[in-house]
Amino acid sequence: MTGVRGRLAPSPTGLLHLGNAWAFLLAWLACRKAGGTLVLRMEDIDPERSSQAWADAIVYDLRWLGLDWDEGPRPDGTPGETGPCGPYVQSRRSALYEQALARLGDRVYPCYCTRKELRDQLRAMAGAPHVDDRGAPYPGTCRHLTAEQRAQRESAGRHPCLRLNTEGLAGISFVDALCGPQSFSLAGCGGDFALRRSDGVWAYQLAVVVDDALMGINQVVRGEDILVSTPRQLALFDLLGWPRPAYAHIPLLCDPDGERLAKRHGSLSLRALREAGHAPQELVGLLAFKAGLQDRPEPRAPGDLLEGFSLQRLPQGPVRLDAASL
Ligand code: GLU
Ligand code: ZN
């Protein structure tokens, strides 16, 4: 595996909407512009929220939009996948997450706090001087429980989540291609974060790092809402001895009220837009206009935008769709 390797990492928990299309179009362009290999990975880590039907719909919508990929689920919607780094579906990668967890060794500990206990602990800490605007970190209540204390909680029927002990880890600095130099303390990002939930579901932070590393991803283009997760991910890359990818966190696409586009903007799902008679080139043209890649929202195919493409041309801060362009 050489050269640029980028990825599209949708969660099959609903229909793709225009905000997803925005992020995926830009990730596609950044990867294709660099002559890179693009991976499609289904982040169906949460079995309760994910389904194969949503995954199929995402494959269909991406293709309809005009985006392709080199590795991952078969683009024609038939079962199976292509590429050397599979499975490209998180629900089939548990063994790999397990191995990474084992390699983190003593850094991992069981936390038996219930949701209510966590809330109470955090409330008691609110206003403490080391609590910044990113929220109170987990106070480390279960970090140093003795074997006996653990056994006690287990016999009371408590199921622990697994957390990473971030004590003594240095702050995390990195340069984001769009947001510039970043510096975070792990305490400022929630402190000891979960690697596996108490119901056994793997945490996004661990899964995404294992997948990005083992799939050789070195270019990550994704929404700015995930910037706050990046330090936790980088801490894991460092602890596991894996090279860090380069990151570009792109501004979010917002509705006319400045609200981030989300699944509840049902009329802006690609399926609804298609059924309302919009052509994919129209949507791509609109997104390209919003991204500063063309002067007017003229219909375009993704490939038309490669010439002269640069993420640096993106506007700073959230990008608003005005009512007229909807
Ligand atoms: N699966 C995540 C989402 O849909 C994206 C994760 C990532 O790009 O790191 O929000
Ligand atoms: Zn705890």
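Residues numbered from 1 in each chain as written. Chains lettered and ligands numbered in written order. Predicted model: local features only at pLDDT ≥ 70, side-chain atom pairs only at ≥ 80, totals over all residues. Heavy atoms only, no water.

Their axes nearest at 10 Å, the elements helix α3 (residues 94-104) and helix α6 (residues 204-214) cross at an angle of 100°. As summarised for this structure, α3 and α6 are arranged roughly perpendicular, according to the angle between their axes. Between α3 and α6, the residues in contact are L96, Y97, A100 and L104 and L206, A207, V210, D211 and L214, respectively. Here the residues of the contact of α3 with α6 are counted per class, giving eight nonpolar, no polar and one charged. (Axes fitted to C-alpha atoms, helices over the stretch in contact; angles between N-to-C directions. Helix = DSSP H or I, 4+ residues; strand = E, 2+ residues; numbered from the N terminus. Parallel < 35°, antiparallel > 145°, perpendicular 65-115°, else oblique. Contact = heavy atoms within 4.5 Å. Nonpolar A, V, L, I, M, F, W, Y, C, P; charged D, E, K, R; others polar.)

Within the protein, the atoms that donate to the zinc ion (ligand 2) are C111 (SG), C113 (SG), Y138 (OH) and C142 (SG), at distances of 2.0 to 2.3 Å. Around the zinc ion (ligand 2) sit four donor atoms, and with donor-metal-donor angles ranging over 97 to 122° the site reads as tetrahedral. The sequence pattern formed by the donor residues of the zinc ion (ligand 2) is C-x1-C-x24-Y-x3-C. Note on accessibility: C111 and C113 belong to one class, buried. (Donors = N, O, S within 2.8 Å, 3.2 Å for Na, K, Ca; no water. Tetrahedral: all angles 85-135°; square planar, octahedral: opposite > 155°, others 65-115°. Buried < 20%, exposed > 50% of the residue type's maximum accessible area, 1.4 Å probe, protein only.)

Counting 48 residues, the largest nonpolar core has L18, W22, L26, L62, I250, L270 and L311 as its most contacted members. With twelve residues, helix α1 (residues 18-33) is the single largest residue contributor to this core. Beyond its immediate chain neighbours, meaning those up to four positions away, L311 contacts L26, A30, L178, V221, A248 and I250. Listed in part, the 35 residues of the second largest apolar core include C85, L162, V209 and L227. (Core = buried A, V, L, I, M, F, W, Y, C linked by side-chain atoms within 4.5 Å.)

In this structure the tally under the stated criterion is three aromatic pairs. With a centroid separation of 6.3 Å and an interplanar angle of 10°, the aromatic rings of F174 and F184 are classed as stacked. With F174 in strand β7 (residues 172-176) and F184 in strand β8 (residues 180-184), this residue pair connects regions lying ten residues apart in the sequence. Judged by relative accessible area, F174 falls into the buried class, the value being 9%. Of the residues examined, F184 reaches a relative accessible area of 8% and is grouped as buried. Ring-pair connections join several aromatic residues into one group, and the members of that group are F174, F184 and Y247. Of note, R163 hangs over the ring of Y138, and the distance from its end group to the ring centre comes to 3.7 Å. Across the ring face of W202, the terminal group of R196 is positioned such that the distance to the ring centre comes to 5.6 Å. (Phe/Tyr/Trp six-rings, centres within 6.5 Å; stacked < 30°, edge-to-face > 60°. Lys NZ or Arg CZ within 6 Å of the ring centre and 35° of its normal.)

In this section: the pattern of salt bridges. One pass over the full model with this rule turns up 20 salt bridges. A salt bridge links R274 to D61; its shortest N-O distance comes to 2.9 Å. Pair noted here: R274 is in helix α8 (residues 270-275) and D61 is in helix α2 (residues 52-65), with a separation of 213 residues, a long-range link. According to the relative accessible area criterion, D61 is buried, its value standing at 1%. Two residues, R296 and E298, come together in a salt bridge whose shortest N-O distance is 2.8 Å. Judged by its relative accessible area of 53%, R296 falls in the exposed class. Owing to a relative accessible area of 38%, E298 belongs among the partly exposed residues under this scheme. What you see here is one network of salt bridges that share partners, running through R7, R41, E43, R93, D211 and D212. (Salt bridge = Lys/Arg side-chain N within 4 Å of Asp/Glu carboxyl O.)

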